[in-house]
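A structural walkthrough
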Amino acid sequence: MSPCEGLSESLAAEVTSLGIHVTIIQPGPFRTNFRGSSMNRAKTILADDAETSGKTRSFTDASHGTQSGDPQKGARALMAIAESDTPPMRLPLGGEAYTIVRNKLAAVAKDLEPWEAVGLNTTFPI
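Along every chain, residues carry numbers that run from 1 in the direction the sequence is written. Where local features are concerned, this predicted model is filtered to residues with pLDDT of at least 70; where side-chain atom pairs are given and counted, the filter is 80 or more; whole-chain, interface and lining totals use all residues. The side-chain numbers reported here are obtained from all heavy atoms of the structure, hydrogens and water having been left aside.

**Quick word on the overall build of the chain**
- We count a stretch as a helix when DSSP gives it H or I for four or more residues in a row; a strand needs E for two or more, and each element gets its number in order from the N terminus. Broken down by element type, the chain carries four helices and two strands.
- The order of helices and strands in the chain, counted from the N terminus, is α-β-α-α-β-α.
- Considering only C-alpha atoms, the chain reaches an extent of 65 × 40 × 25 Å along its principal axes.
- Categorising residues by exposure relies on relative accessible area from a 1.4 Å probe, with only protein chains included: less than 20% of the type maximum marks a residue as buried, more than 50% marks it as exposed, and the intermediate range marks it as partly exposed. Counting across all 126 residues of the chain, residues that qualify as buried make up 18%.
- We get accessible surface area from the Shrake-Rupley algorithm with a probe of 1.4 Å; when it comes to residues, only the shown protein chains can shield them. Of the roughly 10000 Å² of accessible surface on the chain, a fraction of 61% belongs to carbon and sulfur atoms.

**Thoughts on the side chain of Q26**
- Relative to the assigned elements, Q26 resides in strand 1 (residues 24-27).
- Look at Q26 and you get buried, because its relative accessible area is 18%.
- Any two residues whose heavy atoms approach within 4.5 Å are treated as being in contact. If near-sequence neighbours (up to four positions away) are discounted, Q26 is found in contact with E5, R90, L91, P92, L93, A97 and V101.

**A closer look at the pattern of salt bridges**
- A carboxyl oxygen of Asp or Glu within 4 Å of a side-chain nitrogen of Lys or Arg is what we treat as a salt bridge. Under the defined criterion, the tally for this structure stands at three salt bridges.
- The shortest N-O distance in the salt bridge between E9 and R90 comes to 2.3 Å. Separated by 81 residues along the polypeptide, E9 in helix 1 (residues 3-15) and R90 in strand 2 (residues 90-93) bring together distant segments of the chain.
- As a salt-bridge pair, K55 and E51 come within 3.1 Å of each other at their nearest N and O atoms.
- For K55, a relative accessible area of 48% corresponds to the partly exposed category.
- In this structure, a network of salt bridges that share partners links the residues E5, E9 and R90.

**Some words on the pairing of strand 1**
- Of the two faces of strand 1, only one is covered, namely that formed by I24 and Q26; the face formed by I25 and P27 stays uncovered.
- In this sheet, strand 2 lies alongside strand 1 in parallel orientation, the contact comprising four bridges. Bridge assignment links P27 to a residue of strand 2, and that residue is L93. Paired strands, as defined in this entry, are two strands with at least two bridges between them according to DSSP.

In short, shape yes, function no, at least from these values alone.
Laid out in structure tokens, this is it:
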């Protein structure tokens, strides 16, 4: 869980009695100019960075203009949330975002069972 998710969940718990809803938007890649000319990049490319930031630079260059998310459909999804009486706590936008969330949930579930006895053994006896 990211710090923003934790803050959003805490905020939601505090304001729900006031009729205020909080939704965490988890967007996948949208076909915008985010990976294009809107990016500020260092003009000097260091050979030492080829395996780290160089890979990210190559990925963003290669994927710009091919992102699967349609910004207009994303905007409509946001409007649907804003107009909903029962908006979700989280809404991944796009197939890639759903895959990331599902993989995260599977990783958390994988850790729970093998360590459950250890975790539950930390309470006072009843």
